[in-house]
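Spelled out, the chains give:
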Amino acid sequence: MSGNIGVEIRAVRADEVEAIGALARVIWQAAYLDMIGQGQIDYMLAQRYGAERMREELARPDIWWRQILVDGQRLGFYACQTGEKPGELKLDKLYVHPGHQRRGLGGRLLAHASELARGQGCHTLVLAVHKGNAPAIAAYKKHGFAIREPIYIDIGGGYVMDDYLMEKRLTAEARD
Ligand SMILES: CC(C)(COP(=O)(O)OP(=O)(O)OC[C@H]1O[C@@H](n2cnc3c(N)ncnc32)[C@H](O)[C@@H]1OP(=O)(O)O)[C@@H](O)C(=O)NCCC(=O)NCCS
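Residues numbered from 1 in each chain as written. Predicted model: local features only at pLDDT ≥ 70, side-chain atom pairs only at ≥ 80, totals over all residues. Heavy atoms only, no water.

Here's the deal with the site of the ligand
Move 1: Not every one of the 23 residues close to the ligand is listed here, only the nearest: Arg102, Gly104, Gly107, Asn133 and Lys142.
Move 2: At 2.7 Å, a side-chain N or O of asparagine 133 approaches an oxygen atom of the ligand.
Move 3: Within the complex, 79% of the 910 Å² of free accessible area of the ligand lies under protein.
Move 4: Of all the elements in the fold, those that place two or more residues in the shell around the ligand are α1 (17-49), β4 (88-96), α3 (105-119), β5 (124-130) and α4 (134-142).
Move 5: Per-element accounting of the shell around the ligand gives the leading share, 6 residues, to α4. (Near = heavy atom within 4 Å. Polar contact = N/O pair within 3.5 Å; in protein donor to acceptor, adjacent residues only side chain to side chain. Areas by Shrake-Rupley, 256 points an atom, 1.4 Å probe, with all protein chains shown as cover. Helix = DSSP H or I, 4+ residues; strand = E, 2+ residues; numbered from the N terminus.)

Section: the side chain of asparagine 133
Move 1: You can see asparagine 133 is positioned in the loop between β5 and α4.
Move 2: Those residues in contact with asparagine 133 that lie beyond four places of it in its chain are Tyr32 and Met35. (Contact = heavy atoms within 4.5 Å.)

Comments concerning the pattern of salt bridges
Opposite charge on two side chains permits them to pair, given that their charged atoms come into close proximity.
Move 1: Tallying each qualifying case throughout the model produces 15 salt bridges.
Move 2: The salt bridge partner of aspartate 15 is arginine 13, with a shortest N-O separation of 3.1 Å.
Move 3: By relative accessible area, arginine 13 is classed as partly exposed at 44%.
Move 4: Notably, a salt bridge pairs arginine 13 with glutamate 16, separated by 3.4 Å at the nearest N-O pair.
Move 5: A residue is classified by how much of its surface remains accessible, and glutamate 16, at 5% relative accessible area, is buried.
Move 6: Here the salt bridges do not stand alone but share partners, grouping Glu8, Arg10, Arg13, Asp15, Glu16 and Arg74 into one network. (Salt bridge = Lys/Arg side-chain N within 4 Å of Asp/Glu carboxyl O. Buried < 20%, exposed > 50% of the residue type's maximum accessible area, 1.4 Å probe, protein only.)

Some remarks on the packing of aromatic side chains
We describe a pair of aromatic rings using the distance from one ring centre to the other and the angle between the two ring planes.
Move 1: Within this structure, the stated rule accounts for 10 aromatic pairs.
Move 2: Aromatic pair tyrosine 49 and tryptophan 65: ring centres 6.0 Å apart, planes at 75 degrees, arrangement edge-to-face. In this pair, tyrosine 49 is assigned in helix α1 and tryptophan 65 in strand β2 (residues 63-70), connecting sequence segments 16 residues apart. A single burial state applies to tyrosine 49 and to tryptophan 65, both of which are buried.
Move 3: Above the face of the tyrosine 49 ring, lysine 93 is positioned so that its terminal group lies 5.7 Å from the ring centre.
Move 4: The ring of tyrosine 164 has lysine 131 lying over it, and the distance from NZ or CZ to the ring centre is 5.8 Å. (Phe/Tyr/Trp six-rings, centres within 6.5 Å; stacked < 30°, edge-to-face > 60°. Lys NZ or Arg CZ within 6 Å of the ring centre and 35° of its normal.)

Here you go:
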């Protein structure tokens, strides 16, 4: 693909996992410090964004990492995986750089994930979001998600995730 101009969403490559991890750190510090505190941020970043683990995930056929670049600048990403229930794809991560939120980039990533889900024959996109993450819950509602149920997951290290499971039913015609 030639040129860097405009918005591009493409797969994360193995040599880009450190850059994605660094971007995650910037976004998590800005979004989550008040919500979950430094200890849980450090614990979860180490758990989820270690280079070795990310490279393993990139090699798996049931996990997809995608990133958004604007004029060649990496500003966000998402990751999703085959859901627990048949016909469901689980959005596991969705992040946009704090200086570039509320400009539609999250919506573009969600639309892309919806297309990916349809391409995998899925009818529903699901995700978990912290109950106290009002901006993200607002973003998901804006883009067609609804709360399915509260969930509470022990992630080890003395930490829990006190979340809502949200879902979006995908139709053939809907383009987000
Ligand atoms: C949630 C997130 C991915 C949305 O991406 P985005 O590029 O801001 O999303 P869009 O521009 O497509 O949609 C913007 C909508 O999100 C909501 N939103 C995003 N940031 C917000 C904020 N700081 N305050 C209130 N609402 C906010 C609003 O509903 C907004 O719509 P509006 O501007 O018309 O009011 C992004 O804000 C983000 O990375 N947040 C921090 C990390 C996070 O919480 N990720 C989700 C993990 S489950």
